[in-house]
Amino acid sequence: MDTIIKSFVGCFFLLLLVYLGIGISSASIDARNAERSASSYASRISCSNYSSQVVEDCKADAMQEGYELKVQLMKPRDREYSTYGSLELIYHYRIPILNMNQEQCIYADIL
């Protein structure tokens with residue numbers, strides 16, 4: 001009888017560890033994808049010479065992927081167009097079994 005109880009407890013903890021590992025792996029993949037998206041958006045904006053249409057397209061793409069994108073373009077006083085900027089990508093970092101759901105931010109410079 002003692003062996004049966006130990007076996008069920010062992011199986012329970014094994015399943016708990018597997019589910020936790022899958023949750024952590026999934027959260028890590030989501031964070032990596034958000035990092036890649038932020039890098040891609042910064043590159044697209046930079047290559048388009050800071051076009052407002054491209055910025056709006058990037059914001060729409062980010063919204064479709066479940067992210068919030070904030071872009072701030074800056075220009076020197078002696079120029080009529082933007083020459084640099086910054087990007088902030090907000091995404092959700094979730095681990096279901098721990099009931100963890102946090103907003104994380106990625107900051108990137110657009111050069």
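Residues numbered from 1 in each chain as written. Predicted model: local features only at pLDDT ≥ 70, side-chain atom pairs only at ≥ 80, totals over all residues. Heavy atoms only, no water.

As for the nonpolar core
Here's step 1: Counting 20 residues, the largest nonpolar core has Tyr41, Ile45, Leu69, Val71, Leu87, Leu89 and Ile110 as its most contacted members.
Here's step 2: Those elements that provide at least two residues to this core are α1 (2-47), α2 (52-65), β1 (68-74), β2 (84-95) and β3 (100-110).
Here's step 3: If one sorts the elements of this core by residue count, α1 sits on top with 6 residues.
Here's step 4: Sequence-distant contacts of Tyr41, that is, excluding residues within four places in its chain, are made with Cys58, Asp61, Ala62, Glu65, Leu69, Leu87 and Leu89. (Core = buried A, V, L, I, M, F, W, Y, C linked by side-chain atoms within 4.5 Å. Buried < 20%, exposed > 50% of the residue type's maximum accessible area, 1.4 Å probe, protein only. Helix = DSSP H or I, 4+ residues; strand = E, 2+ residues; numbered from the N terminus. Contact = heavy atoms within 4.5 Å.)

Brief notes about the side chain of Ser37
Here's step 1: Relative to the assigned elements, Ser37 resides in helix α1.
Here's step 2: At a separation of 3.1 Å, a polar atom in the side chain of Ser37 contacts the side chain of Glu65.
Here's step 3: Setting aside anything within four residues of it in sequence, one finds Ser37 in contact with Glu65, Tyr67 and Leu89. (Polar contact = N/O pair within 3.5 Å; in protein donor to acceptor, adjacent residues only side chain to side chain.)

As for the packing of aromatic side chains
Here's step 1: Enumeration over the complete set of coordinates arrives at 1 aromatic pair.
Here's step 2: Ring geometry for Phe12 versus Phe13: centroids 5.5 Å apart, planes at 65 degrees, classification edge-to-face.
Here's step 3: Exposure remark for Phe13: the relative accessible area of 46% places this residue in the partly exposed category. (Phe/Tyr/Trp six-rings, centres within 6.5 Å; stacked < 30°, edge-to-face > 60°.)

Examining the pattern of salt bridges
Here's step 1: Using the criterion set out here, one finds 3 salt bridges in the structure.
Here's step 2: We note a salt bridge from Asp2 to Lys6, for which the minimum N-O separation is 3.4 Å. Of this pair, Asp2 and Lys6 both sit in helix α1, 4 residues apart, which is roughly one turn of the helix.
Here's step 3: The class for Asp2 is partly exposed, based on a relative accessible area of 48%.
Here's step 4: On the basis of relative accessibility, which here comes to 56%, the residue Lys6 falls in the exposed class.
Here's step 5: Residue Lys70 pairs with Glu68 through a salt bridge whose shortest N-O separation is 3.9 Å.
Here's step 6: On the accessibility criterion, Lys70 (41% relative accessible area) is partly exposed. (Salt bridge = Lys/Arg side-chain N within 4 Å of Asp/Glu carboxyl O.)

Points about the sheet that holds β2
Here's step 1: The strand order β1-β2-β3 describes an open sheet built from 3 strands, whose pairing is antiparallel. A strand with exactly one partner marks an edge of an open sheet, and here the two such strands are β1 and β3. Across this sheet, the average inter-strand angle for adjacent strands is 15 degrees, counted without regard to direction.
Here's step 2: Note that β1 and β2 share 7 bridges and pair antiparallel. Bridging from a neighbouring strand, Met74 pairs with Tyr84 of β2.
Here's step 3: Those strands touched by α1 are β1, β2 and β3, and its axis lies near 165 degrees from that of β2.
Here's step 4: Sitting on the sheet, α2 is in contact with β1 and β2, with an inclination near 160 degrees to β1. (Pairing = 2+ DSSP bridges. Axes fitted to C-alpha atoms, helices over the stretch in contact; angles between N-to-C directions.)

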